[in-house]
Amino acid sequence: MTFDHAAVLAEYDAQVRRGTEPDGSGAVAERAGPVVRWTTVGGAGWSGIVWSDLDSGTTDEAIADQVRFFRHRGEEFEWKLYSYDRPADLGERLLAAGFTGEDEESVMMSETAELTAGSPDPPGTGLPGDVRLVPVTDEAGVARMIDVHDRVFGTNHSQLRASLIAQLAASPQSTAMIIAMAGDEPVSSARVDFYAGTEFAGLFGGGTLPQWRGRGIYRALVAYRARLAAARGYRYLQVDASAESRPILERLGFACLAMTTPYTWSPG
């Protein structure tokens, strides 16, 4: 990777983590004292803390403030902790406040130009002959996409479904969703979000049914979304990668710039 990792991470913080531009999902972002907080409206969207400016003397009070805020709403929320966030024991303090830590992920980035350079092949090249990529344009497509998510990750994504339907209706230019279809069966799905006013686009999903893995579908979905981002002028692609996805992304040219861990708090 040729870019300056520290400089790009600083720009990601400034442009994305501290940004409050609406994402079209119905969620609202705001600067709430020392944190940037996203909250749902009407049940659509994701709620959580994406950035904080804390020190050892202000952390516990800030955590308590956010817990009170979301307890009053009766709503679960996530505190998205990055490995370079301060203070160094922020994760321990979140656990002590009743949060539950989830699996750590790798914050990976690449320049879209590097992912698309020297590749004149059309999007979807490299897929098995019986698989095709289909853009999601309506609620039925979102339902097929969420069906893949539920089957791959084994959890309920009803809230994500509502959020994506709202985003598709209110701000279709802010996202692109794709399904890999084998005949009439959806076997993989993914999306890319375009962060307005920034140099960054974010990759999400990328889940493939077990029996269809190892056939190049995940790589094809990354390449497809990279071309979409490059066509819109986005300089960087960012993804929070699982341990399974990280090696594939590294082979494609992504670099790990940090680690991130979601900490979840639920009322009651």
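Structural notes, computed from the coordinates. (Residues numbered from 1 in each chain as written. Predicted model: local features only at pLDDT ≥ 70, side-chain atom pairs only at ≥ 80, totals over all residues. Heavy atoms only, no water.)

## Some thoughts on the packing of aromatic side chains
On inspection of all chains with the given rule, the structure shows ten aromatic pairs. Judged by centre distance (5.8 Å) and plane angle (80 degrees), the rings of Phe-3 and Tyr-236 are edge-to-face. A residue pair is termed long-range when its members are at least 10 positions apart, and Phe-3 in the segment before α1 (5–17) and Tyr-236 in strand β11 (residues 236–241) qualify at 233 residues. For the pair shown, Phe-3 and Tyr-236 are each scored as buried. Arranged with centres 5.8 Å apart and planes meeting at 45 degrees, the rings of Phe-77 and Trp-265 form a pair that is tilted. Of this pair, Phe-77 sits in strand β4 (residues 77–82) while Trp-265 sits in strand β12 (residues 255–265), and the two are 188 residues apart along the sequence. Assigned by exposure class, Phe-77 and Trp-265 land together as buried. Clustering of aromatic rings is evident, with ring pairs tying together Phe-69, Phe-70, Phe-77, Trp-79, Phe-99 and Trp-265. The positively charged end of Arg-232 is found above the aromatic ring belonging to Phe-194, 3.8 Å away from the centroid. (Phe/Tyr/Trp six-rings, centres within 6.5 Å; stacked < 30°, edge-to-face > 60°. Helix = DSSP H or I, 4+ residues; strand = E, 2+ residues; numbered from the N terminus. Buried < 20%, exposed > 50% of the residue type's maximum accessible area, 1.4 Å probe, protein only. Lys NZ or Arg CZ within 6 Å of the ring centre and 35° of its normal.)

## Details of helix α2 (residues 59–73)
Given a rise of 1.5 Å per residue, 15 residues ought to cover 21 Å, and the 22 Å separating the end C-alpha atoms of α2 matches this to within 8%. If you check which residues of α2 are buried, you get Thr-59, Ala-62, Ile-63, Gln-66, Val-67 and Phe-70. Viewed end-on, α2 has its buried residues packed into an arc of 135 degrees, placing them on one side of the element. Facing away from the buried side of α2, by more than 90 degrees, are the exposed residues Glu-61 and His-72. Check the buried side of α2 and you find it contacts β1 (28–32), β2 (35–39), β3 (48–52), β4, α3 (90–96) and β12. Just beyond α2, the residue with positive phi is Gly-74, at close to 65 degrees. (Expected span 1.5 Å × (residues − 1). Arc of directions from axis to C-beta. Contact = heavy atoms within 4.5 Å.)

## Side note on the packing of helix α5 (residues 139–153) against helix α6 (residues 158–170)
Two elements in contact, α5 and α6, have axes separated by 10 Å at closest approach and are oriented at 150 degrees. By the angle between their axes, α5 is roughly antiparallel relative to α6. The two elements α5 and α6 cross, and the hand of that crossing is right-handed. Contacts between α5 and α6 pair Glu-139, Val-142, Ala-143, Met-145, Ile-146 and His-149 from the former with Leu-160, Arg-161, Leu-164, Ile-165 and Leu-168 from the latter. (Axes fitted to C-alpha atoms, helices over the stretch in contact; angles between N-to-C directions. Parallel < 35°, antiparallel > 145°, perpendicular 65-115°, else oblique. Left-handed = near helix turned anticlockwise from the far one by under 90°.)

## Remarks on a negative patch on the surface
A cluster of acidic residues, Glu-76, Glu-102, Asp-103 and Glu-244, forms a negative patch at the surface. Among the structural elements, Glu-244 can be located in the loop between β11 and α8 (246–252). (Patch = residues over 30% accessible without salt bridge, like charges linked within 9 Å, V, L, I, M, F, W, Y side chains within 5 Å. Areas by Shrake-Rupley, 256 points an atom, 1.4 Å probe, with all protein chains shown as cover. Salt bridge = Lys/Arg side-chain N within 4 Å of Asp/Glu carboxyl O. Lys, Arg positive; Asp, Glu negative; His and termini not counted. Charge placed at Lys NZ, Arg CZ, Asp CG, Glu CD.)

## Side note on the pattern of salt bridges
On inspection of all chains with the given rule, the structure shows 13 salt bridges. A salt bridge links Arg-17 to Asp-85; the shortest N-O distance between them is 3.0 Å. Of the two residues, Arg-17 is situated in helix α1 and Asp-85 in the loop between β4 and α3; the sequence distance between them amounts to 68 residues. Residue Arg-17 is classed as buried on the basis of its relative accessible area of 2%. Residue Asp-85 is classed as buried on the basis of its relative accessible area of 7%.

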